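What follows is each chain in one-letter form.
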Amino acid sequence: MTDHVRVSREQGVLTLTFARPEKKNALTNAMYEAVVREMNRAENDPEVRAIVLAAEGDMFTAGNDIGDFTAVATGAVAPRSIGASPFLLALAHLTKPLIAAVQGNAVGVGTTMLLHCDMVFIAEGAQLTTPFVNLALVPEAASTWLLPARIGYARAYAMFALGQPIDGKTAAQIGIATAALPANEVQNRAQEAARALAAKPAGALRAMKKLMRDVETIKEVMQREGDEFQARLKSPEAMEAFRAFAERRPPDFSKVA
Ligand code: COA
């Protein structure tokens, strides 16, 4: 169990709230485990009819905890200890409606997980970034397929390769988000949408979602990305990027192959 994910259930809606604001809600293995456990339980619990992902503080999440990346990169823990993979698989398999309340910036998996959400309510000024290449890594969550499909290759490449941000308003215009709102309205709108979905016929919703998502391809792409990601994690480039983050300096990739 972790204190960093708050769990609440009301009127058929399960809300999972990232609650590690002092670390910008960076996701630890324990947080992933808590979310996966709750999502899997919800998937089999007829009383849960919609799930909301939300966050405390000024950021949605700063992505994977870089300390956990470093632990794998240095061999301190085995690669399977990276918590993201079971989380990504749980996202791929979830057939219940998933709604995100993105009240602030999202980085890395914080952005790519939105591609698996059925509705995304985002603060107008929130910035979405995917700086995997800046960390000498590759994108995950099947985003190398889903993001270009959603917003076009050119925009997706700029987000991935340059870490170029997309703001909330643009995210809504180009189809990453359902609506961009003032930050203080995001949570309420997400809960309203979740309650509306909870009142719909659950069987039809589930069947429709399955028809709309090519889960087998999503899993295949996740596997390919995961293999490359694990290899990149151990590269000298990635070590330099993680060290630079810990030392609060820009990385210098000029001396690493
Ligand atoms: N992993 C681990 N710790 C993180 C983190 C992450 N992904 N993101 C932020 N934190 C920690 C910081 O180390 C800092 O800890 P400290 O107070 O003990 O020093 C704390 O959260 C606050 O972050 P800080 O950098 O001081 O806040 P900021 O507002 O200046 O910057 C970010 C916020 C998100 C821009 C910056 O923290 C950042 O770039 N984080 C890394 C994001 C990232 O690359 N994620 C992985 C993507 S694949």
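Quick caveat, the model's predicted, so the values are computed rather than measured.

For the rest of this paragraph, the subject is the sheet that holds strand β4 (residues 59-61). The sheet built from 4 strands is open, its strands ordered β4-β6-β8-β9 with mixed pairing. Edge positions in the sheet fall to β4 and β9 (166-167), since each has one partner strand and no second. Summarising the sheet, strand β8 (residues 127-129) and β9 pair through 2 bridges and their orientation is antiparallel. Directly across from Q127, in β9, lies its bridge partner D167.

Lining the immediate environment of the ligand, one finds 15 residues, of which K23, A62, N64, I66 and R248 sit closest. A distance of 2.4 Å separates an oxygen atom of the ligand from a polar side-chain atom of K23. Between the ligand and the protein, one listed contact pairs a nitrogen atom with a backbone N or O atom of A62 at 2.8 Å. When the ligand is considered free in solution it has 860 Å² of accessible area, and contact with the protein chains removes 64% of it.

Under the definition given, this model contains 1 cavity of 30 Å³ or more. As a volume, the largest cavity reaches approximately 30 Å³. For the largest cavity, the full set of lining residues is R9, L14, E38, R41, A42, D45 and V48. Examining the composition of the lining of the largest cavity, we find that 3 residues originate from one element, helix α1 (residues 29-43), more than from any other. Partitioned by chemical class, the residues of the lining of the largest cavity number 3 nonpolar, no polar and 4 charged.

This part covers the packing of aromatic side chains. By the definition in use, this model includes 5 aromatic pairs. Arranged with centres 5.5 Å apart and planes meeting at 55°, the rings of F69 and F229 form a pair that is tilted. Here the residue F69 occupies a position in helix α2 (residues 66-73), and F229 occupies one in helix α10 (residues 215-233), the gap between them amounting to 160 residues. The same class applies to F69 as to F229, namely buried. Cluster of aromatic residues (ring-pair linked, three or more members): F69, F229 and F242.

Here the focus is the side chain of T61. Among the structural elements, T61 can be located in strand β4. Apart from residues lying up to four places away in sequence, T61 is in contact with F18, K24, N25, A26, L27, N105, A106, V107, G110 and M113.

On to the environment of I218. Checked against the element boundaries, I218 lands in helix α10. Judged by relative accessible area, which is 1%, I218 ranks as buried. With 34 residues separating them along the chain, I218 and N184 place their C-alpha atoms 33 Å apart. If sequence neighbours within four positions are ignored, I218 has contacts with A92, H116, A142, W145, L146 and R213.

On to unusual backbone geometry. At Q11, a position not held by glycine, the phi torsion is positive, near 50°. Structurally, Q11 can be placed in the loop between β1 (5-10) and β2 (13-18).

All right, on to the layout of surface pockets then. The calculated volume of the largest pocket comes to roughly 1,100 Å³. If you list the elements that add at least two residues to the lining of the largest pocket, you get α2, α3 (84-93), α10 and α11 (236-246). The class makeup of the residues in the lining of the largest pocket is 23 nonpolar, 9 polar and 11 charged. A volume near 580 Å³ is recorded for the second largest pocket. Along its surface, the second largest pocket is lined by 26 residues, and C117, D118, K209, M212 and R213 are the ones closest to its centre. Mapped by element, the contributors of at least two residues to the lining of the second largest pocket are α5 (143-151) and α9 (202-212). For the lining of the second largest pocket, the element with the most residues is α9, which contributes 7 residues. Considering only residue class, the lining of the second largest pocket consists of 15 nonpolar, 3 polar and 8 charged.

Parameters at a glance
- Residues numbered from 1 in each chain as written.
- Predicted model: local features only at pLDDT ≥ 70, side-chain atom pairs only at ≥ 80, totals over all residues.
- Heavy atoms only, no water.
- Pairing = 2+ DSSP bridges.
- Helix = DSSP H or I, 4+ residues; strand = E, 2+ residues; numbered from the N terminus.
- Near = heavy atom within 4 Å.
- Polar contact = N/O pair within 3.5 Å; in protein donor to acceptor, adjacent residues only side chain to side chain.
- Areas by Shrake-Rupley, 256 points an atom, 1.4 Å probe, with all protein chains shown as cover.
- 1 Å grid on protein atoms, 1.4 Å probe; cavity = no way out; pocket = protein on both sides within 12 Å on 5 of 7 lines; lining within 4 Å.
- Points joined across faces, edges and corners; volume = space filled by probe spheres on them.
- Nonpolar A, V, L, I, M, F, W, Y, C, P; charged D, E, K, R; others polar.
- Phe/Tyr/Trp six-rings, centres within 6.5 Å; stacked < 30°, edge-to-face > 60°.
- Buried < 20%, exposed > 50% of the residue type's maximum accessible area, 1.4 Å probe, protein only.
- Contact = heavy atoms within 4.5 Å.

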